[in-house]
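Coordinate inspection notes
For reference, the chains in residue letters:
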Amino acid sequence: MKHLLVPTDFSPEAQYALEAAVQLARHTGGRVTLLHVADVPHSSGFVSTGGRTSTGDMANVFTLKLLQATKRRMHEQMDLATRLASSVPVHDMVQTGSFEAAVLDVIQEQQVDLVVLGTRAHTSWQQFFLPSHAEQVVRRAPCPVLTIKQPVGEFAVRHLVFASDFSPEADRAVPGLRQLLALFPDATLHLLDVVPGANRHDAALASIRAFAERHQLPPHVPEVFDAPRPSVGIPRFAEQAHADLIVMLTHGHTGLSHLLHQNTAEDVSLHASAPVLTKHA
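What comes next is a walk through the structure.

**Thoughts on the overall build of the protein chain**
- Broken down by element type, the protein chain carries ten helices and ten strands.
- Expressed as a percentage of the 281 residues in the protein chain, the buried residues total 51%.
- Roughly 13900 Å² of accessible area belongs to the protein chain as shown, and the carbon and sulfur atoms make up 52% of that amount.

Now the structure itself:
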């Protein structure tokens, strides 16, 4: 996690994400890129490089004032990052256009290792009818995404929850888990499976233990939690366990396939109070 990207809309949640990112970068010896995607009117004569084309004067005046305000707010965020961790290099970028497209382009062009994204919790109807920027980035980003909804204070992970069904696909999360445990060596690792009833407990525990033995994981706590759905049980368990970080694999379905195959990781990243780190399976 040497290069962290923090998209910002200057909301409180985006500030929480920046605070978490600079602390993580300090742990890893990494750097942070702070990205704002400006909503510039299509009729404006300005382009993202700062040049201008011939178009209406009023649109140009509006866009100029918007970019001036953006620059001022970016400087405020940069000052905050410096106060939090002066040793962490922070670079700012302003792009125009679609938020998701801009974030995905920067990930690829700048070889980003982790996106740290501030997001608000959504109700079920909002998620169904109004897919958020956060949901789109979690679904489509090729690198891991860390979602933050609340102030993190000192970003110290004491309870790390890896939520999975512990099928063979879960093996792909092991390198990332080892990296996190190296960053936070005092963390307690909880290996969590959510099942709909007590009759599934024994099988779930057997899968967790086989997973841990297969990868020779350090001391951990196997956890089986009863809930009707993992998207319900994982946030509940995380709250009870005072989790500092939830780690999950995501499939990144899009379009109709996403509606037919509900992605639990996306749901949890939008609803759990604790920070959620998702990685494509």
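**Remarks on the pairing of strand β10 (residues 276-280)**
- Bridging between strand β5 (residues 145-148) and β10 involves three bridges; their strand directions are antiparallel. Looking at the pairing, V145 lines up with T278 of β10.
- Judged from the five bridges that link them, strand β9 (residues 245-250) and β10 form a sheet pairing that is parallel. Within β10, the position partnered with V247 by the bridge is L277.

**Section: the nonpolar core**
- Counting 52 residues, the largest nonpolar core has V116 and F162 as the members making the most contacts within it.
- Among the elements that make up this core, the one with the highest residue count is helix α1 (residues 12-28) (eight residues).
- If sequence neighbours within four positions are ignored, V116 has contacts with L4, L5, V6, P7, A17, A20, A21, L146 and I148.

**Focus: the packing of aromatic side chains**
- Counting across every chain of the model gives five aromatic pairs.
- Between F155 and F184 the ring centres are 6.2 Å apart and the planes differ by 65°, which places this aromatic pair in the edge-to-face class. With F155 in the loop between β5 and β6 (159-163) and F184 in the loop between α6 (174-183) and β7 (188-195), this residue pair connects regions lying 29 residues apart in the sequence. This pair shows no difference in class: F155 is buried, exactly as F184 is.
- Measuring from centroid to centroid gives 6.0 Å for F225 and F237, while their planes differ by 70°, and the two rings are edge-to-face. Of the two residues, F225 sits in strand β8 (residues 220-226) while F237 sits in helix α8 (residues 230-240), which places them twelve residues apart along the sequence.

**Some details on the pattern of salt bridges**
- For the structure shown, the criterion picks out four salt bridges.
- Notably, a salt bridge pairs E13 with R120, separated by 3.8 Å at the nearest N-O pair. Taken as a pair, E13 in helix α1 and R120 in the loop between β4 (114-118) and α4 (124-129) lie far apart in primary sequence, 107 residues in all.
- On the accessibility criterion, E13 (15% relative accessible area) is buried.
- Its salt-bridge partner being E135, residue R139 comes within 2.7 Å of it at the nearest N-O pair.

What counts, and at which threshold
Positions within a chain are numbered from 1, following the residues in the order the chain's sequence is written. Note on the predicted model: pLDDT of at least 70 is required for a residue's local features to be given, and 80 or more for side-chain atom pairs to be given and counted; whole-chain, interface and lining totals, by contrast, use all residues. Excluded from the side-chain calculations are hydrogens and water; all other atoms, namely the structure's heavy atoms, are used. Counting from the N terminus, the helices are the DSSP runs of H or I reaching at least four residues and the strands are the DSSP runs of E reaching at least two. Think of it in three bands: residues with accessible area under 20% of the maximum for their type are buried, residues over 50% are exposed, and the middle band is partly exposed, with areas taken using a 1.4 Å probe on protein chains only. A 1.4 Å probe and the Shrake-Rupley method give the accessible areas. Residues count as covered only by the protein chains that appear here. For two strands to be treated as a pair, DSSP must find no fewer than two bridges joining them. Residues belong to a common nonpolar core when they are buried Ala, Val, Leu, Ile, Met, Phe, Trp, Tyr or Cys residues joined through side-chain atoms within 4.5 Å. Residue contacts are counted whenever heavy atoms from the two residues lie within 4.5 Å of one another. By convention, a stacked pair of Phe, Tyr or Trp rings (six-membered ring in the case of Trp) has centres within 6.5 Å and planes under 30 degrees apart, an edge-to-face pair has planes over 60 apart, and any other such pair is tilted. A pairing counts as a salt bridge when a side-chain nitrogen of Lys or Arg comes within 4 Å of a carboxyl oxygen of Asp or Glu.

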